[in-house]
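# Secondary and tertiary structure notes
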Protein chains: 2
Amino acid sequence: MSVTSNNTRRPSAAEEARTLVHSTARATLATLALDPAGHPFGSLVTYGVLEPDGTPVLFLSTLAEHTRNLDADKRASLLVVAEGGSESDILAEGRVTLLGEAERLERDDARVDAARDAYVAANPDAAGYLGLSDFSFWLLHVSSLRWVGGFGRMSWCEAANYASARPDPTAPIAASAVEHLNDDHADALLAAAQAFTGHRDAAAARAIRVDRYGVDLEIDTPEGRVTGRAPFDPPVEDAAGLRAAAVALTRAARAALGSEVG
Amino acid sequence: MSVTSNNTRRPSAAEEARTLVHSTARATLATLALDPAGHPFGSLVTYGVLEPDGTPVLFLSTLAEHTRNLDADKRASLLVVAEGGSESDILAEGRVTLLGEAERLERDDARVDAARDAYVAANPDAAGYLGLSDFSFWLLHVSSLRWVGGFGRMSWCEAANYASARPDPTAPIAASAVEHLNDDHADALLAAAQAFTGHRDAAAARAIRVDRYGVDLEIDTPEGRVTGRAPFDPPVEDAAGLRAAAVALTRAARAALGSEVG
């Protein structure tokens, strides 16, 4: 039996967005300027992420232009761009724009401790700023979001889906897993390509991305180079489970191919 | 005679902004969303720079959200952040927000060729997109800008000053010049610190930044570590002139100190 790539689950836009937001701590905040009034204004910020719903936490100076803007109009968006992407093909990088309203937390607000913890977890070197009296924590209450995965992959996403999505547990080790698979397990990748992408006659396969649901493959076939996907079944629940999932994928591929080669 | 750092010229906010805008080709565009209407919306773009006035050139797909936004409301800003800064102290990085109105260039517009040349000069790998029929060139006509040089250094800037400012000609080689001065010319830096910053008793000095007007120094004195600045006189007009300016600075410092050591 060969399973075509049509059957394989991919991360949803909400999951992609949630993973992206957790992958870095710098973003662009867009607010509405005071002068000229209502003009869109972009500025650099650092942020953390509140669990369980992925609400961004900002730590803003009253001296900053964006803070004066938010004091007058709470509407804002936060653009997060994947880091470490290709220098020559910037627009292929994943990014997400979270739209919502910002709320300043007063010092005695019961949510300040959780906000501070989330911010410091993402910005460990920011401890030196935390005592500054002209800074406050702000939450961005997300109402909708726009995710772009690269050329042609994009969608709007409901805030509720973002709030309930889990960041991909494999994300912190996905890049090294791709490298390891390509360096040491070319045979397993080829078996996965042959068994799961409908290309029984594939000659070679390379991993190009790993996520909780599977592996994206670049496959050499007699008809040329194609892409396909091999599924993790069940999905990976935590980073430690990625290795076992890859072993299970290889075993399933070889079983499907009728091979007994371990 | 020792010259104090008060006498030394620094790049203006307009010059800093212009230099920053020329230093990279990626930025965040902030526009006004269609839904929810008027909500600030940040998105990732690549850009080039038109000479002589520094007008940013964008190349936008009609499929992109920001393009639909601009079609309805031309107001926009472009946030450019210095690249290669400290990972642990992101907010110390220079950045500038250019505010203005965007204009789409029709295909037969006489300005398209110059716009394309400016865009491709900054995005050499973009040649593959240029033929796409759903992309257009856009200009951002800058009306004002907000520059932030790091903690505590920030100002608004007139568009006319930005338009007439020259990017710093030393910027492309400034980082390697700093390294070279520190590796091979510690004696010259010490002489410059002693002669030009009012610290005759300095024990050592390191370059921390070079620009067309001078060198920022970190200086060890009996009272502790301080910062100061030594001027290039005259300012550097092109990258090739930086070495001669550094030699002239050293000579002037030694003459001021009454030393004949060449």
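Our subject in this report is the structure included herewith. Remember, it's a predicted structure, so these values are computed and weren't measured experimentally.

## Brief notes about the pattern of salt bridges
Applying the stated criterion across every chain yields a total of 46 salt bridges over all chains. The shortest N-O distance in the salt bridge between Arg111 of chain A and Asp109 of chain A comes to 2.8 Å. As a salt-bridge pair, Arg111 of chain B and Glu103 of chain B come within 2.7 Å of each other at their nearest N and O atoms. Since its relative accessible area comes to 25%, Glu103 of chain B is described here as partly exposed. Ionic contacts of the salt-bridge type, sharing partners, join the residues Arg10, Glu16, Arg153, Arg209, Asp211, Asp216 and Arg229 of chain A into one network.

## Quick look at the sheet that holds strand E10 (residues 224-231) of chain B
Residue and element names in this part refer to chain B. Pairing is antiparallel in the open sheet, where 3 strands are placed in the order E8-E9-E10. This sheet does not close on itself; its edge strands, each paired only once, are strand E8 (204-211) and E10. Strand-to-strand, the axes of this sheet are offset by a mean angle of 25°, without reference to chain direction. Strand direction decides the pairing type here: E8 and strand E9 (residues 214-221), joined by 7 bridges, are antiparallel. Within E9, the position partnered with Arg209 by the bridge is Asp216. Of the strands in this sheet, E8, E9 and E10 are in contact with helix H6 (residues 186-196), which crosses E8 at around 85°.

## Considerations on the pairing of strand E3 (residues 55-61) of chain A
All names here are of chain A. Taken across its 7 residues, E3 has 7 buried, putting it largely inside the fold. Burial along E3 is two-sided: Thr55, Val57, Phe59 and Ser61 facing one way and Pro56, Leu58 and Leu60 facing the other are all buried. Strand direction decides the pairing type here: strand E2 (residues 37-50) and E3, joined by 4 bridges, are antiparallel. Within E3, the residue paired with Tyr47 across the bridge is Leu58. Between E2 and the antiparallel strand that follows it, E3, lie 4 residues; Gly54 among them carries a positive phi value of about 75°.

## Quick look at helix H3 (residues 112-122) of chain A
All names here are of chain A. Within H3, the full set of buried residues consists of Val112, Ala115, Ala118 and Tyr119. Buried residues of H3, seen end-on, are gathered within an arc of 130° and therefore sit on one face of the element. Exposed residues lying more than 90 degrees from the buried face of H3 are Asp117 and Ala121. On the buried face of H3, the contacting elements are E2, E3 and strand E6 (135-150).

## A short note on the relation of the copies chain B and chain A
Take chain B, turn it by 180°, move it 0.0 Å along the axis, and it overlays chain A with an RMSD of 0.1 Å. The two molecules are tied by a two-fold rotation axis, judged by turn and shift. By C-alpha distance to the rotation axis, the residue of chain B lying nearest is Pro40 of chain B, at 2.8 Å. Taken as a fraction of all interface residues of chain B, those also at the interface in chain A reach 100%, which identifies the copy contact as same-surface.

## Focus on the interface of chain B and chain A
At the junction of the two partners, chain B supplies 43 residues and chain A supplies 43 residues. Of the roughly 3500 Å² buried between chain B and chain A, counting both surfaces, carbon and sulfur atoms make up 64%. Taken together, chain B and chain A are joined by 4 salt bridges. Taking the shortest distance from any N to any O, the salt bridge between Arg26 of chain B and Glu93 of chain A comes out at 3.5 Å. On inspection of chain B and its partner chain A, the count reaches 15 residue pairs in polar contact (both at pLDDT 80 or more). Of all elements in the fold, only strand E1 (26-34), strand E2 (37-50), helix H2 (65-72), strand E4 (75-81), strand E5 (95-104) and strand E7 (153-158) of chain B reach the threshold of two or more residues within the side of chain B that touches chain A. In terms of residue count, E2 of chain B provides more of the side of chain B that touches chain A than any other element does, 10 residues in total. When grouped by side-chain class, the residues that make up the side of chain B that touches chain A number 20 nonpolar, 11 polar and 12 charged.

## Considering the sheet that holds strand E8 (residues 204-211) of chain A
All names here are of chain A. With respect to topology, 3 strands assemble into an open sheet ordered E8-E9-E10, the strand pairing being antiparallel. Looking at which strands have only one partner, the edges of the open sheet turn out to be E8 and strand E10 (224-231). Pairwise comparison of adjacent strand axes, ignoring direction, gives a mean angle of 25° for this sheet. Sheet topology note: the strand E9 (residues 214-221)/E10 ladder contains 8 bridges and is antiparallel. Residue pairing for E10: Val215 is matched across the bridge by Ala230.

Thresholds applied
- Residues numbered from 1 in each chain as written.
- Chains lettered and ligands numbered in written order.
- Predicted model: local features only at pLDDT ≥ 70, side-chain atom pairs only at ≥ 80, totals over all residues.
- Heavy atoms only, no water.
- Salt bridge = Lys/Arg side-chain N within 4 Å of Asp/Glu carboxyl O.
- Buried < 20%, exposed > 50% of the residue type's maximum accessible area, 1.4 Å probe, protein only.
- Pairing = 2+ DSSP bridges.
- Helix = DSSP H or I, 4+ residues; strand = E, 2+ residues; numbered from the N terminus.
- Axes fitted to C-alpha atoms, helices over the stretch in contact; angles between N-to-C directions.
- Contact = heavy atoms within 4.5 Å.
- Arc of directions from axis to C-beta.
- Least-squares fit on C-alpha atoms with pLDDT ≥ 70 in both.
- Buried area = accessible area lost by both parts, 1.4 Å probe.
- Polar contact = N/O pair within 3.5 Å; in protein donor to acceptor, adjacent residues only side chain to side chain.
- Nonpolar A, V, L, I, M, F, W, Y, C, P; charged D, E, K, R; others polar.

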